[in-house]
Amino acid sequence: MQGLDLDRHALQPSPSGRAQPTPWAALRGRPVLDLAHPMRRGMPQSPNHPPFRMALERRHGDMMRPDGGSAANELIVTGGHVGTHVDALAHVSQDGLLHGGRDAAALTSHQGFSDLGIDTFPPYLGRAVLLDVARGHGVGVLPAGYEITPDDLDRAAAGLTIGAGEVILIGTGWSRRWDEHDAFIGRRDGTPGPGEAGARWLAAHSPAAVGAETIAFEQIPAGRGHAVLPAHRVLLVEHGVHIVETMNLAPLLDTGARELLLVLNPLPLAGATGAPVRPLAVLA
């Protein structure tokens, strides 16, 4: 498990009479925020991925048990990069190579990837820092197509220590536009996010993962779509840093918190290039 960093101030007596740390007691009563968007048909998503679909396969009453009981269940079809999700290192290659110089073709089969799939992501429980770039510009939401620069990140990180192996979240306010389907996708006007230089700033801090609110994490210029994704190359291929996309950071941004305990555990889909996740933020 990555990044364990619990408050060790809460103690309880042990049978020997010596105080022992109780991390569960330290967490009791702390606010917990859900940083995932609900998954439903028609939600905003990248046009590069198959959409989310859910239908009730069996309804109550379709089959009745002798005692009058009945059950309902659903059929779910979704891409691994739909809704709030984590990118595996197998997601992006450069010149046929994945992170660590691994040959993408050699790891690929009809069953997915034999290595670097999302099932190799260790569950994360530890400190995360929130860099609220939008607040630094005095706005609730950054403009569409805005490129987040190293200077933006320096300002947002002022006074914070970012440790290697922690998670860095970038606040753009874009999750406030979740209900504006076409604007959220940014096909016409683009979406805000770090460019290549910003991605290198992030990678230099050696995080376990980085996360943001848009469907592509990085800057999408107006009218460009997903033509090139240099931040994905820098983070996934060159530095082995996982990316969390389409996070609902608005409730967290509203608190003004700059650091938090983050729980990040995507579905362990064997050989998949990404998987849905429900990140949880525990506040002090």
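Our structure's up above, just so we're on the same page.
In every chain, residue numbers begin from 1 and rise along the written sequence. In view of the model being predicted, local features appear only for residues whose pLDDT reaches at least 70, and side-chain atom pairs are presented and counted only at 80 or more, with totals across whole chains, interfaces and linings using the full set of residues. For the side-chain quantities, the full set of heavy atoms in the structure was used; hydrogens and water were omitted.

Points about the layout of surface pockets
Method remark: on a 1 Å grid restricted to protein atoms, a set of points is classed as a cavity if a 1.4 Å probe fits but cannot get out and as a pocket if it is open with protein on both sides within 12 Å along at least five of seven lines; lining residues have an atom within 4 Å of a point. Grid points are joined across faces, edges and corners, and a volume is the space filled by probe spheres set on the points. Of the volumes computed, that of the second largest pocket is approximately 160 Å³. Around the second largest pocket sit 13 residues that line it, and Asp 132, Arg 135, Gly 136, Ala 156 and Arg 258 are the ones nearest its centre. Comment: elements are numbered from the N terminus, with helices defined as DSSP H or I runs of at least four residues and strands as E runs of at least two. Mapped onto the lining of the second largest pocket, the elements with two or more residues apiece are β9 (124-132), α3 (133-136) and α4 (150-156). Any residue that is not Ala, Val, Leu, Ile, Met, Phe, Trp, Tyr, Cys, Pro, Asp, Glu, Lys or Arg is counted as polar, Gly included; the first ten are nonpolar and the last four charged. Looking at side-chain class alone, the lining of the second largest pocket contains 5 nonpolar, 3 polar and 5 charged residues.

Some points on the nonpolar core
Residues belong to a common nonpolar core when they are buried Ala, Val, Leu, Ile, Met, Phe, Trp, Tyr or Cys residues joined through side-chain atoms within 4.5 Å. Between buried and exposed lies partly exposed: a residue is buried under 20% and exposed over 50% of the maximum accessible area for its type, with that area taken using a 1.4 Å probe on protein chains only. If you look at the biggest cluster of nonpolar residues, it comprises 35 residues, and the most contacted ones within it are Leu 131, Leu 153, Ile 170, Leu 202, Val 210, Phe 217 and Leu 235. Listing elements by their share of this core, those giving two or more residues are α2 (104-107), β9, α3, α4, β11 (167-171), α6 (196-203) and α7 (230-238). In terms of residues, this core owes the most to one element, α7, which gives 5 residues. In terms of nonpolar packing, the next biggest core, distinct from the first, is built from 26 residues, Leu 35, Ile 118, Tyr 124 and Ala 209 among them.

Here's the deal with the pairing of β9
The buried fraction of β9 is high, at 9 of 9 residues. Each pair of strands is called paired provided DSSP finds at least two bridges between the two strands. Bridging between β9 and strand β15 (residues 259-264) involves 6 bridges; their strand directions are antiparallel. Bridge pairing in β15 places Gly 126 opposite Leu 262. Note that β9 and β11 share 5 bridges and pair parallel. Note that in β11 the partner of Asp 132 across the bridge is Gly 171.

Considerations on the sheet that holds strand β16 (residues 274-276)
The strand order β3-β17-β15-β9-β11-β13-β14-β6-β16 describes an open sheet built from 9 strands, whose pairing is mixed. Edge positions in the open sheet fall to β3 (32-34) and β16, since each of these has one partner strand only. With direction set aside, neighbouring strand axes in the sheet form an average angle of 25°. Across the sheet, α7 lies against β6 (85-87), β13 (209-211) and β14 (242-245), angled at about 135° from β14, the strand it touches most. All axes here are fitted lines through C-alpha atoms, helices being fitted over the stretch that makes contact, and every angle between N-to-C directions spans 0 to 180 degrees. Any two residues whose heavy atoms approach within 4.5 Å are treated as being in contact.

Here we look at α7
Working note: α-helix, 3.6 residues per turn, so residues spaced by three or four point in the same direction. Burial within α7 is extensive, with 7 of its 9 residues counted as buried. Of all the residues in α7, the buried ones are Ala 231, His 232, Arg 233, Val 234, Leu 235, Leu 236 and Val 237. Residues of α7 that are buried in the fold lie against β6, β12 (193-194), α6, β13 and β14. After α7 finishes, the residue Gly 240 shows a positive phi value of roughly 65°.

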